[in-house]
Amino acid sequence: MVQILIVSILVLFCAGYWLQRLAPSLMKPFWRGLALTLSSLHVLPGLRGKAEKLASPGITRTGCRGCKGCDSKGGGCH
Amino acid sequence: MTSDKPLQVALAGNPNCGKTALFNQLTGSRQKVANYAGVTVERKMGKLVTPAGRKVKILDLPGTYSLSAASPDEMVTRDVCRGVYRGEPAPDLLISVVAATNLRLHLRFMLELRQLGRPMIVVLNMIDAAGKQGLHIDLKRLEKELGLPVVTAVGIKRGGADNVLRALDSPPVAPPPPLPDDTDLHEEIRRIMALCVSVHEDRKQQLEEKLDRWVLHPVWGMCILFVLLFIMFQAVFSWAQPVMDLLDSIMKQVADLTRAVLPAGQISNLLTDGIIAGAGTVIVFLPQILILFLWILALEESGYLPRAAFMLDKIMAAAGLSGRSFIPLLSSFACAVPGIMATRTIQSPRDRMVTILIAPLMTCSARLPVYTLLISAFVPSRHILKIFNLQGLVLFLLYGAGILSALLVSRLFKRSGANEPPLLMELPNYRLPGLQSLAIELWQRARIFLSRVGSIIVTLSVIMWALSSFPAPPPGGTLPAIDYSLAGRIGHFLLPLFAPLGFNWQICVALIPGLAAREVAISALATVYSVGSSEADAAAQLAPLLSSQWSVATALSLLAWYVYAPQCFSTLAVIKRETRSWRMVCITAGYLFGMAYAASLLTYHITRFFSG
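Residues numbered from 1 in each chain as written. Chains lettered and ligands numbered in written order. Predicted model: local features only at pLDDT ≥ 70, side-chain atom pairs only at ≥ 80, totals over all residues.

Caption draft 1: Representation of the overall build of chain A within the structure. When you go through chain A residue by residue, the secondary structure sums to 3 helices and 0 strands. Reading the helices (α) and strands (β) of chain A from amino to carboxyl end gives α-α-α. Burial analysis of chain A (78 residues in total) assigns 21% to the buried set. Partitioning the intrachain contacts of chain A with sequence separation of at least 6 by distance along the chain shows that 9% fall at a separation of at least 24. (Helix = DSSP H or I, 4+ residues; strand = E, 2+ residues; numbered from the N terminus. Buried ≥ 20, exposed ≤ 12 C-beta atoms within 10 Å, placed from the backbone. Contact = placed C-beta atoms within 7 Å.)

Structure, rendered in structure tokens:
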């Protein structure tokens, strides 16, 4: 049972990762909810900041997003 | 001198004057640098603090020959320098980067910048190379003639930008009043050159001229290019094998160890059949990818690539392309994304669109694992004429097929196009590739590859494993368990579409995650075969497993598919961004899918016809 639970969490995490890459707008309610929850609990400020950033509209990303160099640094890593 | 408001500085100059190398030195960044023009196509921002504690925000701008911009990247430079770029404050200081080795050409743009009337510093970059060429520049006199501070720099050496840092601490100097509008800038440059520069031609210069007589020769030059590319693909197969075997055995041992340590169950299955089988199969190809990049980087640094572009200009012109398309197409061998971004240097919109359309036909490094796996499974490792490795030869032909197809497609798209302006290209000096910079670049490539494995491939492998493992077979099910899984059902659903190409349902399943990144097709095949196999090391032995289960016609058909394979999502996204058109995205995806399907169909049936 524990094994199934761990595997399910891992699979869900990977599915979320791909949903975020392919359709980030679908993940925005999740990030907004997470940011609100963390904010009301006053815990994990780093994660809260990240969640708020991902929930905010209009983040334009450049490059292939295959690595960090393609994202925040505006491409050029290849 | 300190200030809370950072000083806004913009680095501007001609293409290939070393702006990005200087930017990297000043900010500690690692933006892409190469010994040819047109590497930087969008502005890059960095921050630094001067020795006196002054905060500086610095912009690295695309290179341009003039403020009269013709291409999208040049417009960025023009607008930022004039202080009219949307969302970017006007720079407090311009740093005009000038290659000391090519003052006559680069001073012209510097004089244009001076006319803007903004505070400015002139940086004579590559001052060491100028000395080696026998150029002596009288800095004091140059400062006096330009009316601006002039400092020297060596952008590619550690500490080579110290003079620039010190100059940033000095109060900005306003330029002298602009020259009258009717001033002949070329005459002004000749005057400055005569006063400030003396030349003693040396042996290196003569040697470069001799070398260029061979390298740029219409016949010998093409032979040299062909031989260099041929050796490159031979090396990819011959040199990488020992390290690949080592990585392969390490992966097998890790899988065995995981199986031995963890109790039997879903976690053990996920780790061995999902993550290790999927990601491990792709990691093995790292040595080949690094060898390919080592060659490309060495050719890039040596200054050979722009000469290759010059050599290929006639062939490109026959296909309706200009030599300006060469660098974007070359970048696409690493990944189509930077290649498509690099098309911003192309002035003609039609030329640019055609280059974007054909960029995905260049064989990106993500296709290398697919090619290598199928070649090593189906092409015998034997030598022709005791020199050429047959597997390397097949790889060379696959790359050639991509290039040839790109030229044909371009010809088709451009048949009614207008005549393009001739290629004007500045040929850089030859340079011996530096071992340190090669090692840094290779390390960067390895990091990119491993980060892709750690993110894209591991997550997709986990999803593929879940799709291949669930739902479990019904009680009394007679087929293999994987046939009842979601992956099995998806594969069987797609089979009627791909069966005419000789694909089985496992290949159909692998094609879907292959759209995220092409090399994932290999990890997906490894996962599907691993989950479906009763043998413990099925994934570690993927190549022999495929050669025993697939026909040669199927393997060749899949190879043909990946020459044209509909490109990955990232490529489609960047095409949308660069063209701002869904139509272009649909045209690219549609024509590539059509070509891939037709090529696979033909390959499969012709091979079956000849092999009986």
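Caption draft 2: Region of the structure containing the overall build of chain B. Of regular secondary structure, chain B possesses 27 helices and 10 strands. Taken against the 2.2 N^0.38 rule, which gives 25 Å for 612 residues, the C-alpha radius of gyration of chain B at 27 Å falls within 12% of a compact globule. Structurally, chain B occupies a C-alpha span of about 90 × 55 × 45 Å along its principal axes. When each of the 612 residues of chain B is scored for burial, the buried share is 48%. Put simply, of all contacts in chain B between residues at least 6 apart along the chain, 72% involve residues at least 24 apart. (Rg over C-alpha atoms; globule rule 2.2 N^0.38 Å.)

Caption draft 3: Just the packing of helix H10 (residues 241-261) of chain B against helix H11 (residues 266-283) of chain B, in detail. Residues and elements named next belong to chain B. The N-to-C vectors of H10 and H11 enclose an angle of 175°; their axes lie 10 Å apart at closest approach. Overall, the two elements H10 and H11 adopt an arrangement that is roughly antiparallel. Residue-level inspection shows Leu247, Met251, Val254, Ala255, Thr258 and Arg259 of H10 in contact with H11, the latter providing Ser268, Leu271, Thr272, Ile276, Gly280 and Ile283. The class makeup of the residues in the contact of H10 with H11 is 7 nonpolar, 4 polar and 1 charged. (Axes fitted to C-alpha atoms, helices over the stretch in contact; angles between N-to-C directions. Parallel < 35°, antiparallel > 145°, perpendicular 65-115°, else oblique. Nonpolar A, V, L, I, M, F, W, Y, C, P; charged D, E, K, R; others polar.)

Caption draft 4: Spotlight on the pairing of strand E4 (residues 93-99) of chain B. Residues and elements named next belong to chain B. Judged by how many residues are buried, E4 sits mostly within the fold: 6 of 7 residues are covered. Here strand E1 (residues 7-13) runs beside E4; their pairing, made up of 5 bridges, is parallel. The residue of E4 that forms the bridge with glycine 13 is valine 97. Pairing of E4 with strand E5 (residues 120-125), which is carried by 6 bridges, proceeds in the parallel orientation. Within E5, the residue paired with valine 98 across the bridge is leucine 124. Since E4 and E5 lie parallel, the crossover through helix H3 (residues 103-114) that links them has a hand, and here it is right-handed. (Pairing = 2+ DSSP bridges. Right-handed = clockwise from strand over helix to strand, strands pointing away.)

Caption draft 5: Focus on the nonpolar core. Counting 132 residues, the largest nonpolar core has B:Tyr371, B:Leu374, B:Leu395, B:Val462, B:Leu525, B:Val528 and B:Leu559 as the members making the most contacts within it. The element best represented in this core is helix H19 (residues 435-469) of chain B, accounting for 13 residues. In contact with B:Val462, other than residues within four places in its own chain, are A:Leu10, A:Val11, A:Cys14, B:Leu270, B:Gly274 and B:Ile275. Ranked by size, the runner-up nonpolar core spans 53 residues in total, among them B:Met110, B:Ala129, B:Leu135 and B:Leu165. (Core = buried A, V, L, I, M, F, W, Y, C linked by C-beta atoms within 7 Å.)

Caption draft 6: Local environment of the confidence of the model for chain A. On average, residues of chain A carry a pLDDT of 77, and 72% of them reach 70 or more. Long-range and interchain partners of residues 65-78 of chain A, a stretch whose pLDDT sits below 50, account for 40 contacts in this model, where long-range means more than four residues apart. (pLDDT = per-residue confidence, 0-100.)

Caption draft 7: View of the sheet that holds E4(B). Residue and element names in this part refer to chain B. Pairing is mixed in the open sheet, where 6 strands are placed in the order E2-E3-E1-E4-E5-E7. Edge strands, defined here as strands with exactly one partner in the open sheet, are strand E2 (44-49) and strand E7 (150-152). For this sheet, the mean inter-axis angle between neighbouring strands, taken without regard to orientation, is 25°.

Caption draft 8: Main features of the confidence of the model for chain B. Of all residues in chain B, 93% attain a pLDDT of 70 or more, and the chain-wide mean is 85. As scored by the predictor, the complex reaches a pTM of 0.72 and an ipTM of 0.77.

Caption draft 9: Looking closely at the UniProt feature "transmembrane region" (unreviewed entry) in chain B. Residue and element names in this part refer to chain B. Following the UniProt record, one finds the feature "transmembrane region" (unreviewed entry) at residues 214-237, 275-297, 354-378, 390-409, 449-467 and 582-606. For the annotated span residues 214-237, helix accounts for 83% and strand for 0% of the residues, and the straight-line distance between the end C-alpha atoms is 29 Å. Between the first and last C-alpha atoms of residues 354-378 the distance is 35 Å; the span itself is 64% helix and 0% strand. (UniProt positions renumbered as here; feature names shortened; annotations may be inferred.)

Caption draft 10: Layout of the pairing of E2(B). Residue and element names in this part refer to chain B. Relative to strand E3 (residues 55-60), E2 runs antiparallel, the two sharing 6 bridges. Paired with methionine 45 across the strands is leucine 59, a residue of E3. In textbook terms, the turn of a hairpin is the stretch between consecutive antiparallel strands, and for E2 and E3 this stretch comprises 5 residues, one of which, glycine 53, has a positive phi near 90°.

Caption draft 11: How the structure looks around the packing of helix H9 (residues 220-238) of chain B against helix H18 (residues 390-413) of chain B. Residues and elements named next belong to chain B. At a closest axis distance of 8 Å, the pairing of H9 and H18 adopts a crossing angle of 130°. Between H9 and H18, the crossing angle belongs to the class labelled oblique. Regarding H9 and H18, the two cross each other, and that crossing is right-handed. Only Gln391, Gly392, Leu395, Phe396 and Tyr399 of H18 make contact with H9, whose side of the interface consists of Phe230, Phe233, Gln234, Val236, Phe237 and Ser238. Its residues placed into classes, the contact of H9 with H18 shows 7 nonpolar, 4 polar and no charged. (Left-handed = near helix turned anticlockwise from the far one by under 90°.)

Caption draft 12: Seen up close, H9(B). Residue and element names in this part refer to chain B. With 19 residues, H9 should cover 27 Å at 1.5 Å per step; its first-to-last C-alpha distance of 26 Å lies within 8% of that length. Within H9, the full set of buried residues consists of Met232, Phe233, Val236 and Phe237. Buried residues along H9 cover an arc of 135° about the axis, so they all sit on one side. Of the residues in H9, the exposed ones pointing more than 90 degrees away from the buried face are Trp220, Cys223 and Val227. (Expected span 1.5 Å × (residues − 1). Arc of directions from axis to C-beta.)

Caption draft 13: Structural context of unusual backbone geometry. Cis peptide bonds are those with omega within 30 degrees of zero, and the linkage from B:Phe470 to B:Pro471 qualifies with -5°. Within the secondary structure layout, B:Pro471 lies in the loop between H19 and helix H20 (481-484). At A:His42, a residue that is not glycine, the phi angle is positive and equals roughly 55°. Tracing the backbone shows A:His42 in the loop between helix H2 (24-41) and helix H3 (45-55).

Caption draft 14: Layout of the environment of B:Ala318. Residues and elements named next belong to chain B. With respect to the secondary-structure elements, alanine 318 resides in helix H13 (residues 304-318). Residue class for alanine 318 comes out exposed when judged on the 11 C-beta atoms lying within 10 Å of it. For alanine 318 and glycine 83, which are 235 residues apart along the polypeptide, the C-alpha to C-alpha distance reads 41 Å.

Caption draft 15: Here's a closer look at helix H1 (residues 2-22) of chain A. Its 21 residues place the ends of H1(A) 30 Å apart at the C-alpha level, agreeing with the 30 Å of an ideal helix rising 1.5 Å per residue. Buried residues of H1(A): A:Val7, A:Leu10, A:Val11 and A:Cys14, and no others. The arc that holds the buried residues of H1(A), viewed along the axis, is 95°, so those residues lie on one side. Opposite the buried face of H1(A), at more than 90 degrees from it, the exposed residues are A:Val2, A:Leu5, A:Ser8, A:Ile9, A:Leu12 and A:Phe13. In this structure, the buried side of H1(A) is in contact with H11 and H19 of chain B.

Caption draft 16: Expanded view of the environment of B:Leu113. Residues and elements named next belong to chain B. By the secondary structure assignment, leucine 113 is in helix H3. The spatial distance from the C-alpha of leucine 113 to the C-alpha of valine 254 is 60 Å, given a sequence separation of 141 residues. Dropping the residues within four chain positions of it, leucine 113 is found in contact with Ala12, Cys81, Leu94, Ser96 and Met120.

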